[in-house]
4 protein chains.
Amino acid sequence: MTTRRDFIKQSSMVGLVSLVQPASIISGIRSKNVNAMNNENTYWPDGSRLMISVSMQFEAGGQPIDAESPFPPTMIKGFNDLPAQTWYEYGYKEGIPRMLELWDKFNIKVTSHMVGSAVLKNPALAKEIVQRGHEAAAHGMNWSSQYNLPYEDEKKFISDGVEAVKKVTGIRPVGYNANWLRRGENTLKILQELGFTYHIDDLSRDEPFIIKVNNKDFAVVPYTLRCNDIMLIEGRQFSADQFLVQLKMEFDQLYSESFTKRRMMSISFHDRIGGTPQMVDAARQFFEYATKQKGVVFKRKDEIAQLALKNKDTIRE
Amino acid sequence: MTTRRDFIKQSSMVGLVSLVQPASIISGIRSKNVNAMNNENTYWPDGSRLMISVSMQFEAGGQPIDAESPFPPTMIKGFNDLPAQTWYEYGYKEGIPRMLELWDKFNIKVTSHMVGSAVLKNPALAKEIVQRGHEAAAHGMNWSSQYNLPYEDEKKFISDGVEAVKKVTGIRPVGYNANWLRRGENTLKILQELGFTYHIDDLSRDEPFIIKVNNKDFAVVPYTLRCNDIMLIEGRQFSADQFLVQLKMEFDQLYSESFTKRRMMSISFHDRIGGTPQMVDAARQFFEYATKQKGVVFKRKDEIAQLALKNKDTIRE
Amino acid sequence: MTTRRDFIKQSSMVGLVSLVQPASIISGIRSKNVNAMNNENTYWPDGSRLMISVSMQFEAGGQPIDAESPFPPTMIKGFNDLPAQTWYEYGYKEGIPRMLELWDKFNIKVTSHMVGSAVLKNPALAKEIVQRGHEAAAHGMNWSSQYNLPYEDEKKFISDGVEAVKKVTGIRPVGYNANWLRRGENTLKILQELGFTYHIDDLSRDEPFIIKVNNKDFAVVPYTLRCNDIMLIEGRQFSADQFLVQLKMEFDQLYSESFTKRRMMSISFHDRIGGTPQMVDAARQFFEYATKQKGVVFKRKDEIAQLALKNKDTIRE
Amino acid sequence: MTTRRDFIKQSSMVGLVSLVQPASIISGIRSKNVNAMNNENTYWPDGSRLMISVSMQFEAGGQPIDAESPFPPTMIKGFNDLPAQTWYEYGYKEGIPRMLELWDKFNIKVTSHMVGSAVLKNPALAKEIVQRGHEAAAHGMNWSSQYNLPYEDEKKFISDGVEAVKKVTGIRPVGYNANWLRRGENTLKILQELGFTYHIDDLSRDEPFIIKVNNKDFAVVPYTLRCNDIMLIEGRQFSADQFLVQLKMEFDQLYSESFTKRRMMSISFHDRIGGTPQMVDAARQFFEYATKQKGVVFKRKDEIAQLALKNKDTIRE
C-alpha cells in the first residue's frame, strides 16, 4: 500500500511530479468519487491506484471466408483468398501462444472475448487460456453483426456463443463484446436476461460505471480504440513502437489522474495482430514500464465489474 | 521583458542561435511589421514575443446521428451506431474536464468554439468553461454546413448558436468558426452585422490580420490544420508523440522568427480527440517545452483579435 | 557454437535477459520441437539460434503497363504513365545493384523471386545475382494473378517463368512465390509436379513446416507482411526508420524465443522499394544490430527448406 | 578538397566507416563512372562528393478552383471552398518567404519550377526568388495535365509558361517539370525545340544522365518522390520529423556511395507544404546535418545539367 509521501517521492523520479495535485484542488463537478478517497489516496475499493485491463481477442478461425485482411480487396469472386487464411491461422498457431507466455511472465490475467466458432475450431487453445487463469468472455457465435438481428435471433446468436465457450472451457462467460462493439437496441436486455454482469461496448469513460438494464444493475467496463491493435496496427497506421509510445503516454496521464479519481486503462490485442513478435515486444516493454509504478494492478474484466458493482462510489448513469 | 542580449544567451542553450539574425538583414518585402519593432525587439503591442492560441472545440453531443467516427462506415441504414455515440460522449464526460485541468495547471486561457446544440445538451460544462476564464466563441447552431444556406437561413443558423451560448454561459461570443472552416460568400457580412469582431476560418498567415467587411475592420485570427487533432489524430495518421514533435518543431521555427516578425501559433483540440489521456499528455509536454522560453504568451482569440485591431502595425489586406 | 552460459552473459548486455527462461518452464502443448533441443539449446539442426531469410524480389521491368505505383491513379485511359515507368526502372538501375552491395558487405545470401518477363528484360543483372551466390527462385512468368487460371494454363504460367530464370541464370528454381501470395487450389500440386521443393505463400508460422502435396513432403518457408517493404513503404504507411524499428522489435522477440523454439525471421525487399538509399540504410542498420547476437544466421530459402525437410523435428501439418 | 585518408577519419566519426570500400571492389557492371575517379576520389567534374538539389515549387495562386487540399472532398458542386483557397495563399504569403530566408541562411541556391499563372499572380515574389540567386524553371502555363494535349497545344502550354516566367523574372527557363511529372510522348521533343537543356520528370537514377532527343543531347536531372513534401506531408502520411529522418537516411547512404559513384540527392518542397514552420525546421535540421560532411554541395538543377552535359563520364542512355 502506498502512502502519499511515498508516491510523491517516487513519481518525482519519473517526471510526473508536476502533475500531482492535492485532492483539495479538484473541482466538485467531476469528482463524484471524492468520497472514495481513503487515507492512502486510492479510489478503488481494493486499494489499487490504476487498474489496467488487457483484452486478448480469440477470433481467428471463426472469420468468414471473405474477412478483411491486409491483402488488397481485389480477389475475383468465387475464389478463396488462401494467403489471407494463413494470415488468420497465425492467430492460433503463433499469436495466442506467444501472448500467453508473456502474460505468464508478468503474471497478468487477461480477458479473452471468444467467438463461438473460433473456440470450436481450436478447443484445446481456448481451454488452455482458462487453465492459465484468464477470463473466457463471450463475443457472439460467429464473426458477424448482431445489431440488425430480430430479438430472438440475437438472443440465440449470443446464447450459442456462450454455450460454445462453456462447452470447451467449462466456464460460462459473464462479459460481452459485440462484433465491432456494435450492439443493437436489444442487446443489453438480452445480456441481462442471460445472466451477464457486464459488457464492454462503450467508450465514454476511463473507469467502469453502472447502468440500469431491466431495472437491475449492469456494469460497463469501457473498451478502447486508442490502445487497440486492430485500430492502429492492422491497417498499418502505426508501427509497433508508435503503439508502445501511445500506451506509455496513456498510462502516464491516467496514472497521474489516479491520485484524484478512479481510473482504468484498457488495452486490446487480437490473436493475429497483437500476437506478432513486434507487438508482443511492444507489450513487454509497456509492462516493464507500467509495473515500475506503485499501485498499478492488472485485472480481468469480470473482476473489475464485480469491484464496480459492489462499490457505492461507482458512477451510476 | 526580454532584452536582445538575454534572448541570444538563452536561445543558444536550445540550439536556436543559428537562426537568430539581426533585424537589419530582413528584406523589406515581407517585413510589414518592421516599424513595430520596439527596443526590446517585440512585434506584439503587449511586448510578447510569440503568442500561442489554443482552441478547445466543444462539439460532442451536438453531432448528427450519422456523424463520422473511428468506426468503419458500414452500418446498415436505419440502425444507430451505438458505440460511436459513446465515443462522442467521451468528449464531455472525460475530454473537456481533463483538458480544463491541464489549462489550469499551466494557467492557460483558451478559446472554445461551441456548437449550439452541444452547449444546450451539457450546459453545466459550458458554463464551467467560462467560469474558469476561457472564451466561449460561436460555432453555429448545429454540426452542419452553412456555406450552402441562403442569407437569412445562414444568419439564423449563426444567431441561434450565439443565443444558445449566451443563454448557457452568459457570454455573447465575438468570434466565429464555421463547420470544417467552410464559410460561404455571405458569412463574414453576417458576422459583422451580428457584432462579431473576428473569425478563424483562414489558414493564410501565421499572425492575425485585418480585413474590411461591410466597410469596417474585421479581424482574422488564423486557425491551423497542422497542429490540429482532428486532422492528425482522429484518422490515426499520427500517434500522440508525433503530434507532440510537430508542435515542438512548429514552435521552434515560429519562436525563432518572432525576433523579426509578429508571430502567432495556433493549436486545436477537439473534446473527444484532444481530451484523451494520450493527447493531454502530449499537450502537457508541449506546454512544459514552450513555457521555458521567454516571451511566450498564451492568449484567448478574442484578446488576440483586440490586440490586432487596435494596433497600427497589424497587416491589412 | 554458443553455450548457455555465454548466451546469458551476452544477452544481459542487450537487455534481453528478462526474456530468457529455462526450457523446463515451457508448457508442453506448443513445444513440439522440444526434442530438438541439444545441449547447446539450439532448435535448428545446424546449430543456429535464429535463422533470418531475406527476400529480394526481382519484378521491375516485368510490370504491366498500368501497374500500381506511387502516382495517383488518375491517368486518362489510352495514355502511358511515363514517370511511373521510370519509378520501376529504378529497381534494376539502382535498387538491386545497391542491395547486392549491401548483401556482400555483410556476406548475406538472399533469395530472389524473379518474374520471368523481368528476368528476360535484364538478364545480366539476374545472372549477377546468382553469380554473387544468391538464390534464383520463381515468381511466375508475368506480373499477374494465377489463382484464377485453369490447371494447364497455370502450369504453363509457372513453367514459363522457371524456364526464363533457368535460361538466363543457369539455375532451375526450386522455390515459388505467387503474385500477391495468391496461389490457387491447384498451385501446390503443380509445384510438386514441376519439381519445386518449397513455397513461401503462407503466413501462419514463424518457422518452416512440412505439408503433404501429392502424397509427398513439401516445405513451407513462411513469408512476411510485417517486415515487408511493399506493405509498409510503397504506400507511405511507414518511414524508413519505422521499418527499421519494427525489424528490431521483431528480431528481439524472435531471438528471445529462439531459446525454446525453432524460430525463423523473414524480411522482404522489392527492387524499386527496398533498393532506395533510405531503405538500404535501414537494412544496413538492422544487419549491424542483428549480427551482434550469437547464433544469428542468414540463409537462402532453399537451404532453409532443405534443413526443414531433412529434420525429424520439423512441424508437420 | 578531401583526401581519402581524411574521409575515412571523418566518416568513422559518424559511423559510416563500415560502408566505405575500396574502389577496386566495385563490380564493373554498374560502375560506368569508374574512369571519372580522380585521385581525390570524386566523381563530379567540379570535385564535389555528393551533390544535393533542392526544389522549391512555385504553384500556389495558380491552382484550379477545385484543387486538391487537406479539406475533405465533400463540397457541394457550385460552391467555392474558401478555406482551401487560404490554405494555398499561405504558399506565397508565408511559405516561400520563409524558405527564402532559410536558403540564404545556409547559402543554398535552389531551383524553383514555376507555374505560369502562379507567377503572374505574384510577380514580385517570383522576381525576388531570382534576385536572391535561385533558378527560375518552367512548370507549364497552368496547373493541369499536358500529356493528353495535341502537339501544338502542348507546345503552346509550355511556351506560355516560359513567357510568363521570363516576363516576370527576366529569366528564360531551361529546365522543365510537368504536372505530376506526367509528360507525354511529345514533351521532350517540344522541350528540345524550345531550347530547354534538361527535364526532371524521371525517377530512374540517383545521378543525372544524358538522353538523345531530336538527335541532340538532353540532360535528365532526376526528381524524387522519396524526399518530397507533397508525397509525404500533404496527405499526412508522415510527420515533419519523419520527413527529416528519411532525409538523413537517404543522405547517409548516398554519401557513403559517393566514394565510388557519382551521386546526387534530390529534395522537393512546395510553397504551401514545405514552407510551413514545421517543415522549414526539418529542412534546417537536415542542412545542419548534411553540411557537416566534406564535399557536400548544393546546386541548382541548371548547373547540374551543365556539369552532366559537358562531362564525358556522364551516363548516356
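Owing to the predicted nature of the structure, the values given are computational and were not obtained by experimental measurement. (Residues numbered from 1 in each chain as written. Chains lettered and ligands numbered in written order. Predicted model: local features only at pLDDT ≥ 70, side-chain atom pairs only at ≥ 80, totals over all residues. Heavy atoms only, no water.)

(A) Here's a closer look at the relation of the copies chain B and chain D. With an RMSD of 0.0 Å, chain B superimposes on chain D once it is rotated by 90° and translated 0.0 Å along the axis. Here the two chains are linked by the operation of a four-fold rotation axis. Proximity to the rotation axis, assessed at the C-alpha, singles out Gln237(B) in chain B; its C-alpha lies 4.4 Å from the axis. Comparing contact sets, just 5% of the residues at the interface of chain B also lie at the interface in chain D, consistent with a heterologous contact between different surfaces. (Least-squares fit on C-alpha atoms with pLDDT ≥ 70 in both. Contact = heavy atoms within 4.5 Å.)

(B) Seen up close, the interface of chain C and chain A. Each partner contributes to the interface: chain C provides 40 residues, whereas chain A provides 39 residues. With its nearest N and O atoms 2.8 Å apart, the salt bridge here joins Asp206(C) to Arg98(A). Where the side of chain C that touches chain A is concerned, the elements lending two or more residues are α7 (229–232) and α8 (240–257) of chain C. A per-class count over the side of chain C that touches chain A returns 14 nonpolar, ten polar and 16 charged. (Salt bridge = Lys/Arg side-chain N within 4 Å of Asp/Glu carboxyl O. Helix = DSSP H or I, 4+ residues; strand = E, 2+ residues; numbered from the N terminus. Nonpolar A, V, L, I, M, F, W, Y, C, P; charged D, E, K, R; others polar.)

(C) Summary view of the relation of the copies chain C and chain A. Superposition of chain C onto chain A requires a rotation of 90° combined with a translation of 0.0 Å along the rotation axis, giving an RMSD of 0.0 Å. In this assembly, only 5% of the residues forming the interface of chain C have copies in chain A that are likewise at the interface, indicating a heterologous arrangement.

(D) Seen up close, helix α2 (residues 82–105) of chain C. Residue and element names in this part refer to chain C. Helix length check: α2 (24 residues) gives 34 Å between terminal C-alpha atoms against 34 Å at 1.5 Å per residue, within 8%. Gly 91 marks where α2 bends most, by close to 40°. Summarising burial for α2: 20 of the 24 residues are buried, a large majority. Where α2 ends, the next residue or the one after it, Asn 107, has phi of about 55°, a positive value. (Expected span 1.5 Å × (residues − 1). Bend = angle between axes of the 7 residues up to and from the residue. Buried < 20%, exposed > 50% of the residue type's maximum accessible area, 1.4 Å probe, protein only.)

(E) The arrangement of the pairing of strand β8 (residues 263–270) of chain C in detail. All names here are of chain C. Of all eight residues in β8, eight are buried; the element is thus mostly enclosed. Burial along β8 is two-sided: the residues Arg 263, Met 265, Ile 267 and Phe 269 and Met 264, Ser 266, Ser 268 and His 270 are all buried. Sheet topology note: the strand β1 (residues 50–57)/β8 ladder contains eight bridges and is parallel. Looking across to β8, one finds that Met 56 is bridged to Phe 269. (Pairing = 2+ DSSP bridges.)

(F) Structural detail: the environment of Trp143(C). Residue and element names in this part refer to chain C. Relative to the elements of secondary structure, Trp 143 occurs in the loop between β3 (135–138) and α5 (151–169). Residues Trp 143 and Pro 45 lie 98 residues apart in sequence; the distance between their C-alpha atoms is 36 Å. With near-sequence residues (within four places) excluded, Trp 143 lies in contact with Glu 59, Ala 60, Gly 62, Gln 63, Pro 64, Tyr 88, Val 115, Asn 179 and Arg 272.

(G) The pattern of salt bridges, seen in detail. In total, this model carries 112 salt bridges over all chains according to the counting rule given. With a closest N to O distance of 2.9 Å, Asp271(C) and Arg272(C) form a salt bridge. Here Asp217(D) ties to Arg316(D) by a salt bridge, and the two come within 2.7 Å at their closest N and O atoms. Within this pair, whereas Asp217(D) is found in strand β7 (residues 216–220), its partner Arg316(D) is found in strand β10 (residues 315–316), the two being separated by 99 residues in sequence. Linked by salt bridges that have partners in common, Glu94(A), Arg98(A), Asp206(C), Glu207(C), Arg226(C), Glu250(C), Glu257(C) and Arg263(C) make up one network.

(H) Structural context of the environment of Lys292(C). Residues and elements named next belong to chain C. Summarising the element assignment, Lys 292 is placed in the loop between α10 (277–290) and β9 (296–298). Relative accessible area serves as the criterion here: at 64%, Lys 292 is assigned to the exposed category. As for Lys 292 and Lys 167, which are separated by 125 residues in sequence, their C-alpha atoms are 39 Å apart.

(I) Region of the structure containing unusual backbone geometry. Even without a glycine there, the phi angle at Asn214(C) is positive, about 55°. With a relative accessible area of 38%, Asn214(C) lands in the partly exposed category. Although it is not a glycine, Arg236(D) adopts a positive phi angle of roughly 60°. Mapped onto the elements, Arg236(D) comes out in the loop between α7 (229–232) and α8 (240–257). Note on Arg236(D): relative accessible area 21%, which makes it partly exposed.

(J) Region of the structure containing the interface of chain B and chain D. Contacts between the two partners involve 42 residues from chain B, matched on the other side by 39 residues from chain D. With both chains or domains summed, chain B and chain D bury close to 3700 Å², and 53% of this area falls on carbon and sulfur atoms. Taken together, the links from chain B to chain D amount to five salt bridges. Its salt-bridge partner being Glu257(B), residue Arg98(D) comes within 2.4 Å of it at the nearest N-O pair. There are 17 residue pairs in polar contact (both at pLDDT 80 or more) connecting chain B and chain D. Elements represented by at least two residues in the side of chain B that touches chain D include exactly α7 (229–232) and α8 (240–257) of chain B. (Buried area = accessible area lost by both parts, 1.4 Å probe. Polar contact = N/O pair within 3.5 Å; in protein donor to acceptor, adjacent residues only side chain to side chain.)

(K) Structural view of the UniProt feature "domain: NodB homology" (unreviewed entry) in chain A. Mapped onto this numbering, the UniProt entry annotates "domain: NodB homology" (unreviewed entry) at residues 81–299 of chain A. Secondary structure across residues 81–299 of chain A comprises 48% helix and 15% strand; the distance between its end C-alpha atoms is 38 Å. (UniProt positions renumbered as here; feature names shortened; annotations may be inferred.)

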